[in-house]
Amino acid sequence: NAGVTQTPKFRILKIGQSMTLQCAQDMNHNYMYWYRQDPGMGLKLIYYSVGAGITDKGEVPNGYNVSRSTTEDFPLRLELAAPSQTSVYFCASSYKGRPFSGANVLTFGAGSRLTVL
Amino acid sequence: AQTVTQSQPEMSVQEAETVTLSCTYDTSESDYYLFWYKQPPSRQMILVIRQEAYKQQNATENRFSVNFQKAAKSFSLKISDSQLGDAAMYFCAYRSDLNAGGTSYGKLTFGQGTILTVHP
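It should be emphasised that the depicted structure is a prediction, and the values quoted were computed from it without experimental measurement.

A.B. asks: It is not clear to me how the overall build of chain B should be interpreted in this structure. Could you clarify?
C.D. replies: The secondary structure content of chain B amounts to 0 helices and 12 strands. In summary, chain B has a C-alpha radius of gyration of 14 Å against a globular reference of 14 Å for 120 residues, a match within 12%. The dimensions of chain B, computed from C-alpha atoms along their principal axes, are 45 × 30 × 20 Å. Out of the 120 residues belonging to chain B, those deemed buried represent 48%.

See below:
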């Protein structure tokens, strides 16, 4: 049981390049989230998904796109990378269980550190 | 929208002593969860403790305990017998109950974090 797997762990991009951060979970979770964490700060929500085919914007969606074609995968696409997107990106997932169950705990991936130069 | 505030950017404690990290939050919901996450230099997000809002009893996990004051919207973390391995950034986080409806879709709202230093 791998949990939430993010790739790559590290990446350096040049301004204007594009890339996709991959996120996969093997727990059959229906809820998935992408967060970014800037240095010394808390995590801010970029996008989230409540199931395959359903995505929506979080607090800081500009410059990013997502898709959710399967329950397992939730890739985050960066188009035209900018230095402001230098950050650590976290993917997380959970399932909607019975009221007040442990299902309400998010499982986090290990993070992907992106630097845009 | 919910907000979470951690007013202590940095805290320090001597090894084996006790330290309390503060967190306040703002919400109009009655059903929700509160969490403390630990983030060591590895950047991994590690769940420390969880509190369900409907429970009056404060959660405890070994050396970690919380003081949950629902009316005051306060959720502090107490670390007893501090160890060098406790040094990390600590985040307080809020999550709506998914089964209560609404449009938050279970997203976590994080505070700004508190850096904890443990001195030997």
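Here the narrative resumes, following the displayed structure.
A.B. asks: I'm lost on the overall build of chain A in this one. Help?
C.D. replies: Helix and strand content of chain A: 0 helices and 11 strands. Shown N-terminal to C-terminal, the secondary structure of chain A runs as helices and strands in the order β-β-β-β-β-β-β-β-β-β-β. Taking 117 residues into account, the globule formula puts the C-alpha radius of gyration at 13 Å, and chain A, at 14 Å, falls close to it. Counting only C-alpha atoms and orienting by the principal axes, one finds that chain A spans roughly 45 × 30 × 25 Å. In chain A, buried positions account for 45% of the 117 residues. Summing over all exposed atoms, chain A offers an accessible surface of approximately 5400 Å²; the carbon and sulfur share of this is 53%.

A.B. asks: Would you mind going over the pairing of strand S12 (residues 114-119) of chain B with me for this structure?
C.D. replies: Along a regular strand, successive side chains alternate from one face of the sheet to the other. Residue and element names in this part refer to chain B. With burial as the criterion, only one face of S12 is covered, namely that bearing Thr-114, Leu-116 and Val-118; the residues Ile-115, Thr-117 and His-119 on the opposite face remain uncovered. Examined bridge by bridge, strand S2 (residues 10-14) and S12 share 5 bridges and lie parallel to one another. For Met-11, the partnering residue across the bridge sits in S12 and is Leu-116. Taken together, the 3 bridges between strand S10 (residues 88-96) and S12 define a ladder with antiparallel strand orientation. Across the sheet, Met-89 pairs through a bridge with Ile-115, a residue of S12.

A.B. asks: Quick question: what am I supposed to make of the state of the cysteines here?
C.D. replies: In a disulfide, the sulfur atoms of two cysteines are held together by a covalent bond. Residues and elements named next belong to chain A. Using the criterion set out here, one finds 2 disulfides over all chains in the structure. Each sulfur in the disulfide pair Cys-23 and Cys-91 lies 1.9 Å from the other. Here Cys-23 and Cys-91 share a disulfide; its torsion about the S-S bond, -75°, makes the bridge left-handed. Of this pair, Cys-23 sits in strand S3 (residues 19-25) while Cys-91 sits in strand S9 (residues 87-94), and the two are 68 residues apart along the sequence. Grouping residues by exposure puts Cys-23 and Cys-91 together as buried.

A.B. asks: Could you clarify how one ought to interpret the pattern of salt bridges in this entry?
C.D. replies: A side chain of one charge can pair with a side chain of the opposite charge when the charged atoms of the two come close. Residues and elements named next belong to chain B. The final tally for this structure, using the stated rule, is 6 salt bridges over all chains. Of the charged contacts in the structure, one is a salt bridge between Asp-26 and Lys-73, with a shortest N-O distance of 3.7 Å. Pair noted here: Asp-26 is in strand S4 (residues 24-26) and Lys-73 is in the loop between strand S8 (64-69) and strand S9 (74-79), with a separation of 47 residues, a long-range link. Arg-63 is the salt-bridge partner of Asp-86, the closest N and O atoms lying 2.8 Å from each other. Of this pair, Asp-86 sits in the loop between S9 and S10 while Arg-63 sits in the loop between strand S7 (60-61) and S8, and the two are 23 residues apart along the sequence. Arg-63 gets classed as buried once you look at its relative accessible area, which sits at 19%.

A.B. asks: Where do I start with unusual backbone geometry in this structure?
C.D. replies: Generally, phi is negative for residues other than glycine and the peptide bonds are trans, each holding for most cases. The omega torsion across A:Thr7 and A:Pro8 is -10°, close enough to zero to call that bond cis. Tracing the chain through its elements places A:Pro8 in the loop between strand S1 (4-7) and strand S2 (10-13). Phi angles above zero are rare outside glycine, and B:Asp81 is one such case at about 50°. By the element assignment, B:Asp81 lies in the loop between S9 and S10.

A.B. asks: Explanation requested: the sheet that holds S3(A) in the structure shown.
C.D. replies: Residues and elements named next belong to chain A. In spatial order, the strands read S1-S3-S8-S7; together these 4 strands make up an open sheet with antiparallel pairing. Each edge of the open sheet is held by one strand with a lone partner, namely S1 and strand S7 (64-66). On average, each strand axis in the sheet is tilted by 20° relative to the strand beside it, whichever way the strands run. Summarising the sheet, S3 and strand S8 (residues 76-78) pair through 3 bridges and their orientation is antiparallel. Counted as the bridge partner of Thr-20 is Arg-77 from S8.

A.B. asks: Please clarify how the packing of aromatic side chains should be interpreted in this entry.
C.D. replies: Each aromatic ring pair is summarised here by two numbers: the centre-to-centre distance and the angle between the ring planes. The final tally for this structure, using the stated rule, is 16 aromatic pairs over all chains. Judged by centre distance (6.4 Å) and plane angle (85°), the rings of A:Phe90 and A:Phe108 are edge-to-face. Residue A:Phe90 is located in strand S9, and its partner A:Phe108 is located in strand S10 (residues 107-108); the two are separated by 18 residues in the primary sequence. Residues A:Phe90 and A:Phe108 agree in their burial class; the two are buried. Residues B:Phe35 and B:Tyr37 carry aromatic rings whose centres are separated by 6.1 Å and whose planes lie at 40° to one another, so their mutual orientation is tilted. For B:Tyr37, a relative accessible area of 1% translates into the label buried.

Thresholds, definitions, all that
- Residues numbered from 1 in each chain as written.
- Chains lettered and ligands numbered in written order.
- Predicted model: local features only at pLDDT ≥ 70, side-chain atom pairs only at ≥ 80, totals over all residues.
- Heavy atoms only, no water.
- Helix = DSSP H or I, 4+ residues; strand = E, 2+ residues; numbered from the N terminus.
- Rg over C-alpha atoms; globule rule 2.2 N^0.38 Å.
- Buried < 20%, exposed > 50% of the residue type's maximum accessible area, 1.4 Å probe, protein only.
- Areas by Shrake-Rupley, 256 points an atom, 1.4 Å probe, with all protein chains shown as cover.
- Pairing = 2+ DSSP bridges.
- Disulfide = S-S within 2.5 Å.
- Salt bridge = Lys/Arg side-chain N within 4 Å of Asp/Glu carboxyl O.
- Axes fitted to C-alpha atoms, helices over the stretch in contact; angles between N-to-C directions.
- Phe/Tyr/Trp six-rings, centres within 6.5 Å; stacked < 30°, edge-to-face > 60°.

So, to be careful, I would describe these as geometric facts and stop short of saying anything about function.
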